[in-house]
Amino acid sequence: MQKIDFFGGLHGNYLELVVNVAINQTGYDISKPQFTSDGACHLKNQDNSYVKMIVAHHYSFFKLPFDKNDVVIRIVPTSDDVLIGITNSFLRAGDQKVDIDNLEKDTINKLEELEKLSRFKKSINFKNTLIEDYGVKTNYPRAGIRNYFYSMLHDYENGLGMFTDFDPSPSNVNHFPFRAFFDIGQFYSELNNVAKFLELNFYPMSDLAKLHSDFIKYNQGYHSELKCKEIWQAILHGNSMDIKLNLIEEAWINHQVAKCFRCYDLPLLMQDQYPTNTLEISQAVYEWKSRDY
């Protein structure tokens, strides 16, 4: 059987749709709406005309056994992809999203809503860490929650490791690079590799290009990455830009400061109230580094 093994937030449902339509040639109409309001590719699951020849699921996460005849495609991210993966996993988990703008308010209730989705391991780890550090509260320090997201970006076991903990047992495996989703040329190239792996052919069509444009348009994680990279360039160049970030984006900026400047605890970035202009961050970082002898 054809299977796609992936972890939440890494677009396995979208890849399933594309492989079924453009490689397995199921004839499903992708010109109709395919994405929920949160950008997840879940609408096909409500359509009786949708036929699955390849099936995407969280096989490794749920420890579901593979058959010896299974052919398996794994969606594999790198450390550079974690911002997108984390963002989309919190915003699209089973169509139940987390308020990553104000997660410091009513935190436990928000995380427990996600715990009801048994696959959402991150929310369970998150809640347990907060309670261990701060006790049971209604609201938590924003800086503390930001630091949890920072650990997901910084520490392998808390971040990338949770997206790549694959069952090693399948012998017939193709690795699909997560980054390929965000460039249509690379996407088509990798789909052609998938087709070869399945001993089939890849048939791109204009409807697929339109579908992929919609995928990019509704992809919150990808647009968050573009936003963060623009802000980071402004910080590095000492340019002034007003900013408003969610908690994951704040953590990503702090992670870049740590990677580039070895600055891990700049007071300006450790407080609950995060800076609202890039120049403020830039001046603080360069002034701190000037004294780092």
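The structure contained in this document is the topic of the report that follows. Note that this is a predicted model, so its numbers are computed, not measured.

## Focus: the pattern of salt bridges
Alright, step 1. According to the stated counting rule, one finds 13 salt bridges in the structure shown.
Alright, step 2. Here Lys-210 ties to Asp-214 by a salt bridge, and the two come within 2.9 Å at their closest N and O atoms. With Lys-210 and Asp-214 both in helix H8 (residues 206–217) and four residues apart, this pair spans about one turn of that helix.
Alright, step 3. Here the salt bridges do not stand alone but share partners, grouping Asp-81, Arg-179, Glu-225 and Lys-229 into one network.

## Description of the nonpolar core
Alright, step 1. Counting 88 residues, the largest nonpolar core has Leu-15, Phe-149, Phe-181 and Leu-191 as its most contacted members.
Alright, step 2. By residue number, the principal contributor to this core is helix H10 (residues 247–261), which donates eight residues.
Alright, step 3. Other than its neighbours up to four places away in sequence, Phe-149 contacts Ile-86, Phe-90, Ile-100, Leu-103, Phe-126, Leu-247, Ile-248 and Ala-251.

## Notes on the packing of aromatic side chains
Each aromatic ring pair is characterised by the separation of its centres together with the angle its planes make.
Alright, step 1. All chains considered together, the criterion is met by 28 aromatic pairs.
Alright, step 2. On the basis of an interplanar angle of 40 degrees and a centroid distance of 5.9 Å, the ring pair of Tyr-14 and Phe-35 is categorised as tilted. Separated by 21 residues along the polypeptide, Tyr-14 in helix H1 (residues 12–22) and Phe-35 in the loop between H1 and strand S2 (54–57) bring together distant segments of the chain.
Alright, step 3. Here Tyr-14 falls in the buried class, since its relative accessible area comes to 2%.
Alright, step 4. On the accessibility criterion, Phe-35 (11% relative accessible area) is buried.
Alright, step 5. When the centroid spacing of 5.3 Å and the interplanar angle of 75 degrees are considered together, the rings of Phe-90 and Phe-149 count as edge-to-face. Taken together, the positions of Phe-90 in helix H2 (residues 82–92) and Phe-149 in helix H5 (residues 142–154) put the pair 59 residues apart, joining distant regions of the chain.
Alright, step 6. With relative accessibility at 0%, the residue Phe-149 sits in the buried group.

## Focus: the pairing of strand S4 (residues 173–177)
Alright, step 1. Side chains of S4 alternate between two faces, with Asn-174 and Phe-176 buried and Val-173, His-175 and Pro-177 left unburied.
Alright, step 2. In terms of strand pairing, strand S3 (residues 71–76) meets S4 through five bridges, oriented parallel. When the bridges of S4 are listed, Val-76 appears paired with Pro-177.

## Thoughts on the environment of Ile-84
Alright, step 1. By secondary structure assignment, the location of Ile-84 is in helix H2.
Alright, step 2. Note: C-alpha distance between Ile-84 and Leu-10 (74 residues apart in sequence) is 8.3 Å.
Alright, step 3. Contact partners of Ile-84, with chain neighbours within four places excluded, come to Phe-178, Arg-179, Phe-182, Asn-219, Gly-221, Tyr-222 and Glu-225.

## Section: the sheet that holds strand S1 (residues 2–5)
Alright, step 1. On the basis of which strands lie adjacent, the open sheet formed by four strands has the order S2-S1-S3-S4 and parallel pairing. Looking at strand neighbours, the two that pair on one side only are S2 and S4, the edges of this open sheet. Neighbour-to-neighbour, the strand axes of this sheet turn through a mean angle of 25 degrees, independent of strand direction.
Alright, step 2. Inspection of the sheet shows S1 paired to S2 by four bridges, in the parallel sense. Each bridged residue has a counterpart across the sheet, and for Gln-2 the counterpart in S2 is Ile-54.

## Looking at unusual backbone geometry
Alright, step 1. Unlike most non-glycine residues, Gln-25 shows phi in positive territory, near 55 degrees.
Alright, step 2. With respect to the secondary-structure elements, Gln-25 resides in the loop between H1 and S2.
Alright, step 3. With a relative accessible area of 43%, Gln-25 lands in the partly exposed category.
Alright, step 4. One non-glycine residue, Arg-262, lies in positive phi territory at about 55 degrees.
Alright, step 5. Position of Arg-262 relative to the elements: it lies in the loop between H10 and helix H11 (267–270).

## Details of the pairing of S3
Alright, step 1. Taken across its six residues, S3 has five buried, putting it largely inside the fold.
Alright, step 2. Summarising the sheet, S1 and S3 pair through four bridges and their orientation is parallel. Paired with Asp-5 across the strands is Arg-74, a residue of S3.

## Description of the environment of Ser-79
Alright, step 1. By secondary structure assignment, the location of Ser-79 is in the loop between S3 and H2.
Alright, step 2. By relative accessible area, Ser-79 is classed as exposed at 54%.
Alright, step 3. Taking the C-alpha atoms as reference points, Ser-79 and Asp-155, separated by 76 residues in sequence, lie 9.8 Å from one another.

About the criteria used
Residues numbered from 1 in each chain as written. Predicted model: local features only at pLDDT ≥ 70, side-chain atom pairs only at ≥ 80, totals over all residues. Heavy atoms only, no water. Salt bridge = Lys/Arg side-chain N within 4 Å of Asp/Glu carboxyl O. Helix = DSSP H or I, 4+ residues; strand = E, 2+ residues; numbered from the N terminus. Core = buried A, V, L, I, M, F, W, Y, C linked by side-chain atoms within 4.5 Å. Buried < 20%, exposed > 50% of the residue type's maximum accessible area, 1.4 Å probe, protein only. Contact = heavy atoms within 4.5 Å. Phe/Tyr/Trp six-rings, centres within 6.5 Å; stacked < 30°, edge-to-face > 60°. Pairing = 2+ DSSP bridges. Axes fitted to C-alpha atoms, helices over the stretch in contact; angles between N-to-C directions.

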